[in-house]
Amino acid sequence: MTDPLHEDGATAITSVAADGLYRATVPRGEGRRLYLFSRLARSYRLFDGLPSVTGGSAHFRQHPLTGEWISYSGVRQGRTFLPQTAECPLCAMTSGELKTDIPVDDYEVAIFTNRFAALTEEASPPPDMILETRPGTGICEVVSYSADHQASLSTIEPDRVALLLDALAIRCTELMANADIAYVMPFENRGREIGVTLDHPHGQIYALPHIPDRIKKAADAFRTDDPLAGLSQRLPEQLVLAKNKSGIAFVPPWARYPFEIWIVPHQQVADLAALGAEARADMA
Ligand SMILES: [Zn+2]
């Protein structure tokens, strides 16, 4: 009898326990990796996915006035731009036909090396220019919150958001352990208006070889004192949106945008991993 798993070219992979959740790791060629996270042990049907993209000569250039390092990469110009839903690279695959970047039959939370990475682990020498340049060393990952193309953070169940935060905590810790990495930033740019090129619910992780100036300043503010200490008592009531035993969501009186919300844990910690699973679930 033919193994039905092999009829359409798919193979079976299973997840293994990792830090309170389950993960399957799939090598994707050229040093790229795909991580599939789930709350319970499960298996996936794995297909051949989209191939790697190389080149682009990623590098940093230093701004002559501010000293900031600015990232340049030609490979970003070739990235998938607002595809039809049927050709979305973040959707799961139903057969071997339409290839995606997450080539499994279904998933919960997926994190993988960006195919159009602005920074790479093995960066080539930077170009000679009239200003200071540096190799574009770093790691860029894409974080898909759900296999459901229509979902968004606001429609995903709190338990799935907690799984997402747990998965981010694991990846941020692993990326920080890399000797070439000084700062790891998970983020989501949301909406076509600011240049998002895929509608599928997703964010990104940038692992940088230096600490950005804004972050350095913010970290320095914590060296002598905790500038946010006792915030939940000090904030005017009308600025507080939600509060629980682990944290507080509020509109900062120092907001820089017309729409800005901060979610801050009560406990002062260095990163998402140090927060612990219970507090992360409360934040979700
Ligand atoms: Zn999609």
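Residues numbered from 1 in each chain as written. Predicted model: local features only at pLDDT ≥ 70, side-chain atom pairs only at ≥ 80, totals over all residues. Heavy atoms only, no water.

Draft legend 1. Looking closely at the coordination of the zinc ion. Of the protein atoms, only Cys88 (SG), Cys91 (SG), His149 (ND1) and His200 (ND1) coordinate the zinc ion, at distances of 2.0 to 2.3 Å. Between the four donor atoms coordinating the zinc ion, the angles at the centre fall across 104 to 117 degrees, so the site counts as tetrahedral. Read from N- to C-terminus, the donor residues coordinating the zinc ion fall into the pattern C-x2-C-x57-H-x50-H. Here His149, found in the loop between β10 (139–144) and α2 (158–176), pairs with His200, found in the loop between β11 (183–187) and β12 (202–208); they are 51 residues apart in sequence, far enough to count as distant. Neither His149 nor His200 differs from the other in exposure class; each is buried. (Donors = N, O, S within 2.8 Å, 3.2 Å for Na, K, Ca; no water. Tetrahedral: all angles 85-135°; square planar, octahedral: opposite > 155°, others 65-115°. Helix = DSSP H or I, 4+ residues; strand = E, 2+ residues; numbered from the N terminus. Buried < 20%, exposed > 50% of the residue type's maximum accessible area, 1.4 Å probe, protein only.)

Draft legend 2. Layout of the sheet that holds strand β4 (residues 33–38). Spatially, seven strands are ordered β2-β3-β4-β8-β10-β12-β11 in an open sheet, and the strand pairing comes out antiparallel. Pairing within the sheet leaves two strands with one partner each, and these edge strands are β2 (16–18) and β11. Each strand of the sheet is rotated relative to its neighbour by a mean of 25 degrees, with strand direction disregarded. As paired strands, strand β8 (residues 109–113) and β10 are joined by four bridges and run antiparallel to one another. When the sheet's bridge partners are listed, Ala110 is paired in β10 with Ser144. (Pairing = 2+ DSSP bridges. Axes fitted to C-alpha atoms, helices over the stretch in contact; angles between N-to-C directions.)

Draft legend 3. Local environment of the side chain of Thr137. One can find Thr137 in the loop between β9 (133–135) and β10. Apart from the residues within four sequence positions on either side, Thr137 is in contact with Phe60, Leu119, Thr120, Glu121, Ala123, Asp180 and Pro209. (Contact = heavy atoms within 4.5 Å.)

Draft legend 4. Fine view of the pairing of strand β3 (residues 21–27). Relative to β3, β2 is paired through three bridges, and the arrangement is antiparallel. In the strand pairing of β3, Val16 is matched with Arg23. In sequence, β2 turns back onto β3 through a hairpin of two residues, with Asp19 there showing a positive phi of about 50 degrees. By the bridge criterion, six bridges tie β3 to β4 in an arrangement that is antiparallel. Within β4, the position partnered with Pro27 by the bridge is Arg33.

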